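Structural description and commentary
In case you want the letters, here they are:
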Amino acid sequence: GAVVSQHPSWVICKSGTSVKIECRSLDFQATTMFWYRQFPKQSLMLMATSNEGSKATYEQGVEKDKFLINHASLTLSTLTVTSAHPEDSSFYICSARKPGTGPTYEQYFGPGTRLTVT
Amino acid sequence: AQSVAQPEDQVNVAEGNPLTVKCTYSVSGNPYLFWYVQYPNRGLQFLLKYITGDNLVKGSYGFEAEFNKSQTSFHLKKPSALVSDSALYFCAVRYSSASKIIFGSGTRLSIRP
């Protein structure tokens, strides 16, 4: 299967600061990447869909000015949590759509980034 | 509304016994159905998918799932559970090539030695 990496795997930051999370597709080019948020013992909630070279599409209720997404290349998407607060503490997971797999495309998931805001 | 349900928060099985993790989906066109597994503090790993064709789908690690259109179900099964199968399992559905994937609430599978 395809490989998606995330960096960092965990990060602790102070309230009010910003933190950037990187998502990379290592062995394929991904025109579309997805960002999810997962609270403890809960399912994944889609935050936004990131398309290379264009603006991200945010899900209802997700603040686009707080969660900045940049998909500048076919192998890299970044999520920046701006002015982080303790309630932003969560497990953030990215996934990438592998192109050329037609309508039955699969999403490959990164290992996740645990963000703790103190 | 498009949705997928996992009715069990937790499933407990003795090692060596068969296991079933349940999943049902709402009817809305032709669904693409997926199962993923998540180990602690890790991302999701793909297990198997149903797109079309044979209702019984075989996937990774000896898992399989049966698509049942009349019952709108896609239960995950394994004939003989291993302790290492203990993890969080997610069922997911997508209804068209462009729509987003929708995850179930997850079922924690615990295999006791």
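Bear in mind that the values here come from a model prediction, so they are computed numbers and not experimental data. (Residues numbered from 1 in each chain as written. Chains lettered and ligands numbered in written order. Predicted model: local features only at pLDDT ≥ 70, side-chain atom pairs only at ≥ 80, totals over all residues. Heavy atoms only, no water.)

1. Considerations on the pattern of salt bridges
In a structure, side chains of opposite charge can pair up when their charged atoms sit close to one another. Residues and elements named next belong to chain A. Tallied over the entire structure, the rule returns 5 salt bridges over all chains. The salt bridge partner of Asp88 is Lys66, with a shortest N-O separation of 2.8 Å. One end of the pair, Asp88, is in the loop between strand E8 (76-81) and strand E9 (90-97); the other, Lys66, is in the loop between strand E6 (57-58) and strand E7 (67-73), and 22 residues separate them in sequence. For Asp88, a relative accessible area of 3% translates into the label buried. On the basis of relative accessible area, Lys66 is assigned to the buried category, the value being 13%. (Salt bridge = Lys/Arg side-chain N within 4 Å of Asp/Glu carboxyl O. Helix = DSSP H or I, 4+ residues; strand = E, 2+ residues; numbered from the N terminus. Buried < 20%, exposed > 50% of the residue type's maximum accessible area, 1.4 Å probe, protein only.)

2. A word on the environment of B:Pro18
All names here are of chain B. With respect to the element layout, Pro18 can be found in the loop between strand E2 (10-14) and strand E3 (19-21). The exposure class assigned to Pro18 is exposed, which follows from its relative accessible area of 57%. Taking the C-alpha atoms as reference, Pro18 lies 12 Å from Ser110; in sequence the two are 92 residues apart. Once residues lying within four places of it in the same chain are set aside, the contact partners of Pro18 are Val13, Lys78, Pro79 and Ser80. (Contact = heavy atoms within 4.5 Å.)

3. Topic: the state of the cysteines
Using the criterion set out here, one finds 2 disulfides over all chains in the structure. Across the disulfide, A:Cys23 is cross-linked to A:Cys94 (sulfur-sulfur distance 2.0 Å). With the S-S bond torsion at 80°, the cross-link from A:Cys23 to A:Cys94 turns out right-handed. With a gap of 71 residues between them, A:Cys23 in strand E3 (residues 19-25) and A:Cys94 in strand E9 connect regions that are remote in the sequence. Disulfide pairing is shown between B:Cys23 and B:Cys91; the S-S distance is 1.9 Å. The sign of the -60° torsion about the S-S bond sets the B:Cys23-B:Cys91 disulfide as left-handed. Here B:Cys23, found in the loop between E3 and strand E4 (24-25), pairs with B:Cys91, found in strand E10 (residues 87-94); they are 68 residues apart in sequence, far enough to count as distant. Neither residue differs from the other here; B:Cys23 and B:Cys91 are each classed as buried. Take A:Cys13: it sits in no disulfide, and the sulfur closest to it among the cysteines is that of A:Cys94, at 18 Å. You can call A:Cys13 buried: its relative accessible area is 9%. (Disulfide = S-S within 2.5 Å.)

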